[in-house]
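Chain and residue survey
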Amino acid sequence: MKKQIFITNGTGGCGKDTFACILNDLIPTKKISSIDSVKSIASLCEWDGKKTQKDRKFLSDLKLLLAGYNDFPFSVLRNEVENFNSDFKYEILLIDIREPKEIERAVKEFKAKTILIKNNRVAPITSNMADANVFNYKYDFIIENNGTMDELRDTVKKFAKENIL
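Rules behind the numbers
Residues numbered from 1 in each chain as written. Predicted model: local features only at pLDDT ≥ 70, side-chain atom pairs only at ≥ 80, totals over all residues. Heavy atoms only, no water. Pairing = 2+ DSSP bridges. Helix = DSSP H or I, 4+ residues; strand = E, 2+ residues; numbered from the N terminus. Axes fitted to C-alpha atoms, helices over the stretch in contact; angles between N-to-C directions. Contact = heavy atoms within 4.5 Å. Core = buried A, V, L, I, M, F, W, Y, C linked by side-chain atoms within 4.5 Å. Buried < 20%, exposed > 50% of the residue type's maximum accessible area, 1.4 Å probe, protein only.

With that settled, the discussion passes to the sheet that holds strand E4 (residues 113-118). Pairing within the open sheet is parallel, and its 5 strands lie in the order E2-E3-E1-E4-E5. The open sheet is flanked by strand E2 (29-33) and strand E5 (141-144), the only strands paired with a single partner. Strand after strand, the sheet turns through a mean of 25° between neighbouring axes, direction not considered. The pairing of E4 with E5 spans 4 bridges and is parallel. What sits directly across from Ile 115, in E5, is Phe 141. Packed on one face of the sheet, helix H7 (residues 149-163) meets strand E1 (4-9), E4 and E5 and runs near 160° to E5.

Looking now at the nonpolar core. Grouped together as the largest cluster of nonpolar side chains are 20 residues, with contacts concentrated most on Ile 5, Ile 7, Ile 95 and Phe 110. Listing elements by their share of this core, those giving two or more residues are E1, helix H4 (72-86), strand E3 (92-96) and helix H5 (100-110). Judged by nonpolar contacts, the second largest core, of 17 residues, contains Phe 6, Leu 94, Leu 152 and Val 156.

Structure below.
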């Protein structure tokens, strides 16, 4: 099987982590986020790990500041992709990215496909630029997570069979 990279997106609480866990049960999958390196820096500023509206705005603003200063968040992603490509443990890399321009950049540079995880039971978050633009991109795949856990498992299995395996 050829290694594949997917950019995943969806509102907070829509099921991105659950999607990744189910996919990992089928195919060795690694999941990272474009905000992970920013969270590490935010913790130095005494960010407590919570994800209130204020926290989400802080993380989004900090990511924009770091990207504008020296492209730090994307450089970290680039290193993660290089590590993934040389690691025999994983076949799939999922990268959570919210911002449409950054999604497009990652698609081109990493030859990735895009997946939107939708859950109609979760309200959109609009307190910051990153979360507010989740739906402003034309994704390659849309995973509906509006039912039971068993239904999501079936959806992920079908997705993997038709698009990965």
